[in-house]
Amino acid sequence: MPDTPPSVPDFTQWPSFPFEGDLRVKPLDEPVPFEPPRRGEADRECTACNAPDEAYIWVGERWRVRAMDRPTGLPMVLILESRSHLDLGDLPNLLAAELGVMTVRLERAIRSLDGVARVHVNRWGDGSAHLHLWFLARPYGRLQLRGTFLSLWDSILPPISEDRWRENLAMVAAWLAEFGGRPLAEPPRIKWQAPSSFSPASPVDAAEEPEEEPASVIEAADEIPESEAAQDVSDPSAGPSGDDPSPEGGPEASEEQEEPEDAATAGEAEDDQPRAARTREG
């Protein structure tokens, strides 16, 4: 007589269950006498221990926070890891106490992001022996995503934009850095492109086509490779050329006298920007 397959559990009828249609329960495998070692156990290499700080969005003396390698369906998915190669039950009292503080701090940082309603904290630990806690942000207003199936929805929903993803990472890293450590995630860079030359326009042309006056273009940094971003700083095409002709007559002399002041002002503006960046990074 064939075995009667178990009935589908009631949670398949919950609004948060991400699947519909005919479902059946898999047969349960026989238990194995010995479980295989996890990553970081026995002679298996530990991925977390071998990862450099640059692979994380924030690093401290005893803790590190990393993200996925690409945007996913949720506003934010982060992993909190200890620097020491320890599992949850192996933590000494100092790290156990700090784990509670770091969990609360990271939950608040993620919940402060726009469009985040709740933050789910999960610990499974079947894949790696190195302590790691998952933080998953549920989008505000998405009631269907409430509950235990949020991690499944993360793989089903379309990924958020990379620009928004990088901005969220930078905000969380900056939040954590307020309490110490070093933020490594940066917001998307902005590329400022200005016309290489300006030609004087007559009053009639300015009145007829006012929409052509703003000629600068703003682009997201994720579209600019790092090598090109460094070149843009010294690219003469990024601003007005020093050889541009000036109007004839008296205005030419006055503009030549005012040019050093404008250059000094521009230099001060350029000097202020790195200082502001250093302030945010600190």
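Worth saying up front: this structure is predicted, and the values here are computed from it rather than measured.

Caption draft 1: Layout of the overall build of the protein chain. For the protein chain, the helix and strand inventory stands at seven helices and eight strands. Relative to its full complement of 282 residues, the protein chain shows a buried share of 28%. Relative to all contacts within the protein chain whose residues are 6 or more apart in sequence, the contacts with residues 24 or more apart total 64%. Per element, the accessible surface of the protein chain, about 19,700 Å² overall, is 52% carbon and sulfur.

Caption draft 2: Local environment of the nonpolar core. I57, L78, L106, I110 and V172 are the most contacted members of the largest nonpolar core, which has 29 residues in total. Among the secondary structure elements, those contributing two or more residues to this core are strand 2 (63–67), strand 3 (77–82), helix 2 (93–111), strand 4 (116–122), strand 5 (132–139) and helix 4 (162–177). For this core, the element with the highest residue contribution is helix 2, accounting for six residues. Excluding anything up to four places from it in sequence, I57 contacts V65, R66, A67, L78, L169, V172, A173, R182, P183, L184 and A185. Within the second largest apolar cluster, eight residues are counted, among which are V77, L145, F149 and W153.

Caption draft 3: Seen up close, a nonpolar patch on the surface. Taken together, the side chains of V8, F19, L23, V25, L152 and I156 define a hydrophobic patch exposed on the protein surface, amounting to about 460 Å² of accessible area. Summarising the element assignment, L152 is placed in helix 3 (residues 150–156). Using a relative accessible area of 37% as the deciding quantity, one classes L152 as partly exposed.

Caption draft 4: Summary view of the side chain of D53. Mapped onto the fold, D53 is located in the loop between helix 1 (47–50) and strand 1 (58–59). Side chain to side chain, D53 and R64 meet in a polar contact 2.9 Å long. Not counting residues within four places of it along the chain, the set of residues in contact with D53 comprises V59, R64, R83, R182 and L184.

Caption draft 5: Highlighting the state of the cysteines. Scanning all chains against the criterion turns up zero disulfides. Sulfur of C46: no disulfide; nearest cysteine sulfur belongs to C49 and is 3.5 Å away. C46 gets classed as buried once you look at its relative accessible area, which sits at 8%. Owing to a relative accessible area of 38%, C49 belongs among the partly exposed residues under this scheme.

What counts and what doesn't
Residue numbering note: each chain is counted from 1, following its sequence as written. Totals for whole chains, interfaces and linings use every residue, but because this is a predicted model, local features are given only for residues with pLDDT of at least 70 and side-chain atom pairs only at 80 or more, for both listing and counting. In computing side-chain values, all of the structure's heavy atoms are included and hydrogens and water are not. The helix count covers DSSP runs of H or I at least four residues long, the strand count covers runs of E at least two residues long, and both are numbered beginning at the N terminus. When accessible area is computed with a 1.4 Å probe and restricted to protein chains, residues below 20% of their type maximum are described as buried, those above 50% as exposed, and intermediate ones as partly exposed. It only takes one pair of heavy atoms within 4.5 Å for two residues to be counted as in contact. Here, Shrake-Rupley sampling with a 1.4 Å probe gives the accessible areas, and only protein chains in the shown set may cover a residue. Residues grouped as a nonpolar core are buried Ala, Val, Leu, Ile, Met, Phe, Trp, Tyr and Cys residues, joined through side-chain atoms within 4.5 Å. Here the term patch refers to residues with relative accessible area over 30% and no salt bridge, with like charges joined within 9 Å and nonpolar side chains (Val, Leu, Ile, Met, Phe, Trp, Tyr) within 5 Å. In what follows, salt bridge is the name for a side-chain nitrogen of Lys or Arg lying within 4 Å of a carboxyl oxygen of Asp or Glu. We define a polar contact as two N or O atoms separated by no more than 3.5 Å, with the added condition that, inside protein, one atom must be a possible hydrogen donor and the other a possible acceptor, whereas residues neighbouring each other in sequence contribute only through side-chain atom pairs. When two cysteine sulfur atoms lie within 2.5 Å, the pair is treated as a disulfide.

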